Amino acid sequence: MPMDRRTLVKYLGTVSAAGALAGCINAEETDSGNGDDGNGGDGGNGDEDGNGDDDGSDTDGEWETLEPEEGVTGSATLWHDRESAEQELLADVVDEFNDQYEPTISLNQVADIDDRTRTAIPAGEGPEGFEWAHDWAGTYWEEGLLSDQSDNLRVDMETFTGDAPNAIEWEGNVVGLPHAAETTSLIYNTELVDEPPETFEELEAIMDEHHDPDGGMYGFTFPIDPYFYSGYAHAYGGFYYDEEADELGLSNEETVEGLEFVVDELYPYMPRDFGYEAQANTFQSGNAPFTINGPWAVGNLGFEYGIAGQPSPPGGEPEPYTGISNIYFASAMDDDEERAAAFRSFAEWFVTNVDVQRRQADELGYIPVHAALADADETGDDVSGFMTDIERGRAMPQGPKMDAVWDPLGEEFEEAINGNKSVQEAMDDAEDRIRDNWD
């Protein structure tokens, strides 16, 4: 996949993003919350049962943090592609686990994690597990890169809200554990913008006010990447690939209309380098009032910001791709049970530890899928900001055929952005290339 950053999240089958991902936060009637900001000495979340703390919650003893079983002493490696603030939190969490328990987890930040996992795992040089969104499950399983741990897990799937458990299954195989829902939303610099725009006309006026490329200022930023502009591709009813119908929709009138909005109305206000780093750095440097990005980006901001739903184009409504971030079980777990047990122990502890999941929500804006945090009141403004697009978003296809869509779509849309083709021509060509790949 050509993603500069996250692909994010779908569930199995025909579950809709609005129903399933919204359920990750508040669709189930669960008593909310337990835990304060620290773990008890027993490795749980504070009380004598290892679950509660002293905040007066009615559910202090309800949620168990799964600690490693006695006798598990091996070591294992987790690969990830988190950005700086995300890396720091994950490193702290891994250190906490290693300090308390016998198993030892090594952490490795891996650029181009898609390519690296696909080469390293078959060569026997990969990790026991890695972190990424649910959309890799089908392709990676078919390529023999994942391990089914369904017979070895102790986690009660009722721990997770909505349809999150389905995000870590493929054809009945449990290939990971879920820990957060994600999507992209409008992030705005409150030093430049008092309130997020409610209409495209308001957005356009603010972009016009700040856009001064000669002075290093731009009206808008976001990566020109199929995941990031999916909200606009879907805004008028378009789609990339319908997994249930096994149908491409890139060349449909509705999809083309949404993509033309990006070319005609947003790209003129953006830096000419439309890669992830250039777009993200422009906003992070305070040189644009707006960006579209995900929870992974907010920890790197050095100014006050707000998060709101993506701006609607005239006559449409964005429906960005949404996803579940998973801790995947790599096929290396099938080769060494001691290392597999060590990695399972960490993964189970990580996803069931309410304090860890709350920290991810509070510090990174991750949308938790743990039932203890199902009440939006349990999380902060960042999570609330992303909820508009979680609720109206679309779940990302999970099957192997979607893997062949990303590169042709991204490359052909760049041709349109650069003026070498119309959007219609580019999407026609993308579909031809995708069908050739399928054949």
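This one's a predicted model, so the numbers in the text were calculated from it and none came from an experiment. For every chain, the first residue of its written sequence is number 1, and the numbers climb from 1 along that sequence. Totals for whole chains, interfaces and linings use every residue, but because this is a predicted model, local features are given only for residues with pLDDT of at least 70 and side-chain atom pairs only at 80 or more, for both listing and counting. Here the side-chain values reflect all heavy atoms present in the structure, with hydrogen atoms and water set aside.

Peer 1: Can you walk me through the packing of aromatic side chains in this structure?
Peer 2: The relation between two aromatic rings is expressed through the spacing of the ring centres and the mutual angle of the planes. Any two rings among Phe, Tyr and Trp, with Trp reduced to its six-membered ring, count as a pair given centres within 6.5 Å; such a pair is stacked if its planes are under 30 degrees apart, edge-to-face if over 60, and tilted if neither. By the definition in use, this model includes 26 aromatic pairs. With 5.1 Å between their ring centres and 35° between their planes, tyrosine 232 and phenylalanine 261 make a pair best called tilted. On the criterion of sequence distance, the pair formed by tyrosine 232 in helix α6 (residues 230–233) and phenylalanine 261 in helix α7 (residues 253–266) is long-range, its members being 29 residues apart. A single burial state applies to tyrosine 232 and to phenylalanine 261, both of which are buried. Aromatic side chains tyrosine 267 and phenylalanine 274 sit 6.0 Å apart centroid to centroid with 65° between the ring planes, which places their arrangement in the edge-to-face category. The residues tyrosine 267 and phenylalanine 274 share a single accessibility class, namely buried. Sitting over the ring of tryptophan 79, arginine 116 keeps its end group 5.1 Å from the ring centre. Stacked on the ring of tryptophan 438, the Lys or Arg lysine 401 has its end atom at 4.1 Å from the ring centre. In DSSP terms, a helix is any run of H or I states spanning at least four residues, a strand is any run of E spanning at least two, and both are numbered starting from the N terminus. Type-normalised accessible area, obtained with a 1.4 Å probe on protein chains alone, sets the label of each residue: buried when under 20%, exposed when over 50%, and partly exposed for intermediate values. The criterion for a charge sitting over a ring is simple: Lys NZ or Arg CZ within 6 Å of the ring centre, and within 35 degrees of the ring normal.

Peer 1: Looking at this model, I keep getting lost on the packing of helix α10 (residues 337–352) against helix α11 (residues 354–364). Mind explaining?
Peer 2: When two helices pack together, their arrangement is given by the angle between their axes and by how far apart the axes lie. Axes, fitted as lines to C-alpha atoms, cover a helix only where it is in contact. Angles between the N-to-C directions of the axes lie from 0 to 180 degrees. Contact geometry of α10 with α11 gives a least axis separation of 5 Å together with a crossing angle of 65°. Note on element contacts: α11 touches α10 through Val354, Val356, Gln357 and Gln360, opposite Trp349, Phe350, Val351 and Thr352. Along the lines of polarity and charge, the residues of the contact of α10 with α11 split into five nonpolar, three polar and no charged. Any two residues whose heavy atoms approach within 4.5 Å are treated as being in contact. Any residue outside Ala, Val, Leu, Ile, Met, Phe, Trp, Tyr, Cys, Pro, Asp, Glu, Lys and Arg is labelled polar, Gly included; the first ten of those are nonpolar and the last four are charged.

Peer 1: What's the story with the pairing of strand β6 (residues 176–182) in this structure? I'm lost.
Peer 2: Across a regular strand the side chains alternate sides, sitting on one face of the sheet and then on the other. Summarising burial for β6: seven of the seven residues are buried, a large majority. The pairing criterion is simple: DSSP has to find at least two bridges between the two strands. Relative to strand β12 (residues 321–329), β6 is paired through six bridges, and the arrangement is antiparallel. By the bridge assignment, glutamate 182 is partnered in β12 with glycine 323. By the bridge criterion, two bridges tie β6 to strand β13 (residues 367–368) in an arrangement that is antiparallel. Among the inter-strand pairings, alanine 181 is bridged to a residue of β13, identified as isoleucine 367.

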